[in-house]
Amino acid sequence: MPSSIPAAEPERSPWRDAMQRFRRNKAAVTSLVFLILVTLLCVIGPWLLTHAYDSTDWDALKLPPSLTHSHWWGTDESGRDLLVRCLVGGRISLMVGILTTLTSIALGVIWGATAGYLGGAVDQVMMRIVDIMYAVPYLLIAILLVTVLGRDFYLVVLAITAFSWMDTARLVRGQTLSLRKMEFVEAARAMGVSTLRIVFEHIVPNLMGLVLVYATVTVPGVILTESVLSFLGLGIQEPMTSWGVLIHDGAQMLDSAPWLLIFPALMLSLTLYSFNYLGDGLRDALDPKDR
Amino acid sequence: MACATPWTRRTADVSTEKTLLDVNNLNVHFQTPEGELQAVRDVSFCLRPGETLGVVGESGSGKSQTMLAMMGLLANNARAEGQVLFRGENILNVPAAQLNRVRGPKLAMIFQDPMSSLNPFLTVERQMTEVLQIHQNTSRGQARAASLQMLEKLRIADPLRCLNSYPHQFSGGMRQRIMIAMALLSQPDVLIADEPTTALDVTVQAQIVALLRQLQQDHGTSIIMVTHDLGLVAGLSDQVMVMYGGRVMEHALADDIFYHTRHPYTRALLESVPRIEQADDALLAIPGMPPSLRSMPPGCPFAPRCARADHNCLVPAPLSLATDGAAAHRVACHHTGSTA
Amino acid sequence: MTPASATSSDPQRLLQVRDLRVHYAVNDSLGFWPRTRQLEAVKGLHLDLYAGETLGVVGESGCGKSSLAKALMGLIPSQSSQLKWFDQDLTKLPIQRWGAVRRDVQMVFQDPLSSLDPRLNVLKIISEPLRTHEPGLSAEQRRAAVLVTLNQVGLEESVLYRYPHELSGGQCQRIGIARAIILRPQVILCDEPVSALDVSIQAQIIQLLRQLQREMNLTLVFISHDLAVVKHISHRVMVMYLGTMMELGPKDTLFKQPTHPYTQALLDAVPKADPRKERHKSVPLLSGDIPSPLDPPSGCVFHTRCAKADAHCAVQAPTLQASEGGVFACWHPLVSP
């Protein structure tokens, strides 16, 4: 006998359900909006402002912030406009953050899913490599790499990626282990689906929710690492700047020109907070227990 | 309110006619993001000392929520209305201090999954003696002795070793027996068993059922057995209440429910569940599926699946005595008439 | 030894298993000391499956029925002296090479919701076997095939783009069955297919399976702990206990006059929906709990709980003997062969 469902309900994929729950979380939505705003400002802002990030304004050295003159956020000791430098620095920090996160997540997912699904000796070897990577003092290696090979943007991305993928790998492996035992994976095996297809069609899609949450939380960590490197003088080269560089320079001028530290630090912290709230919101939205 | 069902006792014990538990018009509502849902609608019944009530229903029938409401164990977003009288005293929506005098010592409950009711970090002894020490102020030594005695009474092998062990070291059947032992320590008047044997093997289930029957004979404990298994209530119950979609569909003596079934749902249930004693292989499947709380049909919840439904069923039938005046057989159906 | 077939013309033997053994390594560490013990889930089972029949496999926890199903499907490794599907000896073949079996032997799982990938819609779930085994089909052809199976299992086209969590348990189980039949297999192994469903829905699924068996000439292996359900759907029934077969025989004989004491104990323990009979029931109940499969009793695994056991039963495991239409393993059968 035919069994039908009430026709009125619209199609509800798990993603749509999650988006609905996400929209109800005010803090998360606000964070998302803020992040989009910051990104837009950093990308488009410098085109719209009158000052270039590397042009010196000899008439306005170490000018405090004020809306009366054209340097709204003040200038540094070389007469460069802080606002524009913050936005340009934001470009770099965000780019490093997102690019590094993407590569480290990609590497971590492939590593973890393979180790978790294949299990046995392969799993043991792969996870021991992860353990070894954890044991390596990453900052020292990053410093070494940068000192020897120079301060190139892509090198910074590589250096940070090399030490951020392990967390994802571990997380993904754990999830894979529990997913592997689920009946729908067993059903796929019983059907004769190949291992590769099971991993990519069943395991990875069911991980993506968690990975997405993890990614939003990794970005702040990466930006912070980049800032640390820049703070140590090993990040982006002059005159290009990032928030880390700005904070480094600003800290040195704390007595005489505190705004040089406050504005970039504020931008960095607000951005990091937003990523964290976003991550929390996504995690709550994707939590299957709410269904 | 006087009890609607006449009382039959199967043992020789004589006890007072006074009702132990009186539930009147119990309703349970849940606040959800989709609005307010009603899980239990107008449930009334009563229980006398030494009597067993079987509550039968599927998922969504509201049987478990009814019990949780009585014990004051509903979730935070749930609200119960109505009256639950224990020995004449209302225990519904009363402050915790007052409820705890009844809940536990007089009104005990055991659940389906003993593993989640037992603390995996404490020994069995700790968990059992804790009950007595808190509720009855007994000393540790006395509580231990009482626990040991209870385990022996339940014919648990090697009770001393049992006391010193942790829950995870036992099988499902053993854990359930330990749960029963814990529940019976303070000699409650009523034991509510919510699907106690669903997770157990059939041979172990038979042992637990025999155990409950024995305990009832020895202590005169009243039992409320909540289950989806009609066979389980057949041998154990004096009265049987069948629930569906949050309402009571039929409520009568056990014999009447099985031999003089009046409600189409009960009849359909009896005919659709494979029974081992049936000679032929005919199974009459009930079309459709149990209603979800979110899309409860107006009127009788069983109407969409009922062969006898008509336009009258848009208004739910009240639970009333069967038309031919049969002793205390309540049915909620417009089309009742003996279907036995 | 072969169980007698029920029909006069010998039906085709689809499966032949001799001495099937399934082991699991169980981590039984004490503190820091690592220790793995072997759990024998299935101990030396012999089985034949004939075309067109429904073989019911019944037993309590630890009896190994699920392990048996997975071993027969090749989902878990097993050892045997013979494991022939469709006369092809797969004993020596590693599981990855069981390809042919994957088309003709399908499985239906216990939990309808977790046996379906929550991220895929119904169309993708049911068409997965087609995408795996018939890659040449176009999307349109796949969709058409899926619609045909949906109709067969009694679902409407409207569920095609829905997701498992939007559907009820019964509907999800129908989808699991649709997925199993889309390749037109010869055999379907059902592992507790109705145990997770509401009682009023169980009959629907049981009837569906019987109907499909008639329409598609399927052979079913129906695994369940519920004797009543097994009785309704099976032609022959096998009773298992702690990895060993206790009795195998035609349904009617087994339920009316069981040979093995364990079968009798199971039948006695099932509560019947008949108050008068139940109240006056005074059957001997099995004592004790089911022993742990990690530490099975010696000799006949059932002897620790059997009323008829004697010293001999504790020492030597019973050999298989023929009964009327079946086999059993007991030194003290209830019915002399």
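Relevant structure appears above.
In short, a report on the structure. (Residues numbered from 1 in each chain as written. Chains lettered and ligands numbered in written order. Predicted model: local features only at pLDDT ≥ 70, side-chain atom pairs only at ≥ 80, totals over all residues.)

A closer look at the sheet that holds strand β1 (residues 13-27) of chain C
Sheet strands pair by backbone hydrogen bonding; their relative direction is either parallel or antiparallel.
Residue and element names in this part refer to chain C.
So, step 1. With respect to topology, 4 strands assemble into an open sheet ordered β2-β1-β4-β5, the strand pairing being antiparallel. Each edge of the open sheet is held by one strand with a lone partner, namely β2 (36-50) and β5 (88-89).
So, step 2. In this fold helix α1 (residues 65-73) packs onto β1 and β2, with an angle of close to 70 degrees to the strand it touches most, β2. (Pairing = 2+ DSSP bridges. Helix = DSSP H or I, 4+ residues; strand = E, 2+ residues; numbered from the N terminus. Contact = placed C-beta atoms within 7 Å. Axes fitted to C-alpha atoms, helices over the stretch in contact; angles between N-to-C directions.)

So, the packing of helix α3 (residues 82-118) of chain A against helix α6 (residues 153-180) of chain A
For any two helices packed against each other, one specifies the inter-axial angle together with the distance between the axes.
All names here are of chain A.
So, step 1. It is the contact of α3 with α6, at a shortest axis distance of 5 Å, that shows an interaxial angle of 40 degrees. Like other packed secondary-structure pairs, α3 and α6 cross with a definite hand, here right-handed.
So, step 2. Considering only residue class, the contact of α3 with α6 consists of 17 nonpolar, 10 polar and 3 charged. (Left-handed = near helix turned anticlockwise from the far one by under 90°. Nonpolar A, V, L, I, M, F, W, Y, C, P; charged D, E, K, R; others polar.)

What to know about the nonpolar core
So, step 1. One finds Ile224(B), Leu189(C) and Val221(C) to be the most contacted residues of the largest nonpolar core, which totals 255 residues.
So, step 2. Ranked by residues supplied to this core, first place goes to α3(A) with 15 residues. (Core = buried A, V, L, I, M, F, W, Y, C linked by C-beta atoms within 7 Å. Buried ≥ 20, exposed ≤ 12 C-beta atoms within 10 Å, placed from the backbone.)

Regarding the interface of chain A and chain C
So, step 1. In this complex, chain A contributes 24 residues to the contact, which on the side of chain C involves 29 residues.
So, step 2. Sorting the residues of the side of chain A that touches chain C by element identifies α7 (183-191) and α8 (195-231) of chain A as the ones contributing at least two each.
So, step 3. When residues of the side of chain A that touches chain C are assigned to their parent elements, the largest contribution, 7 residues, is made by α7(A).
So, step 4. Each residue belonging to the side of chain A that touches chain C can be placed in one class, and the counts come to 12 nonpolar, 6 polar and 6 charged.

A look at the interface of chain C and chain B
So, step 1. Facing the 35 residues of chain C at the interface are 38 residues of chain B.
So, step 2. Elements with a contribution of two residues or more to the side of chain C that touches chain B: α6 (199-216), α7 (227-233), α9 (261-269) and α10 (275-279) of chain C.
So, step 3. When residues of the side of chain C that touches chain B are assigned to their parent elements, the largest contribution, 7 residues, is made by α6(C).
So, step 4. Of the residues assigned to the side of chain C that touches chain B, the class counts are 18 nonpolar, 8 polar and 9 charged.

Describing helix α5 (residues 140-153) of chain B
All names here are of chain B.
So, step 1. Between the first and last C-alpha of α5 there are 20 Å, a value that for 14 residues agrees with the 20 Å anticipated at 1.5 Å per step.
So, step 2. Residues of α5 that are buried: Ala143, Ser147, Met150 and Leu151. The buried residues of α5 occupy an angular sector of 100 degrees when the element is viewed end-on, so they sit on one face.
So, step 3. The inward-facing, buried residues of α5 contact α4 (124-136), α6 (159-163) and α7 (172-184).
So, step 4. Looking one or two residues past α5, Arg155 carries a phi angle of roughly 55 degrees, positive in sign. (Expected span 1.5 Å × (residues − 1). Arc of directions from axis to C-beta.)

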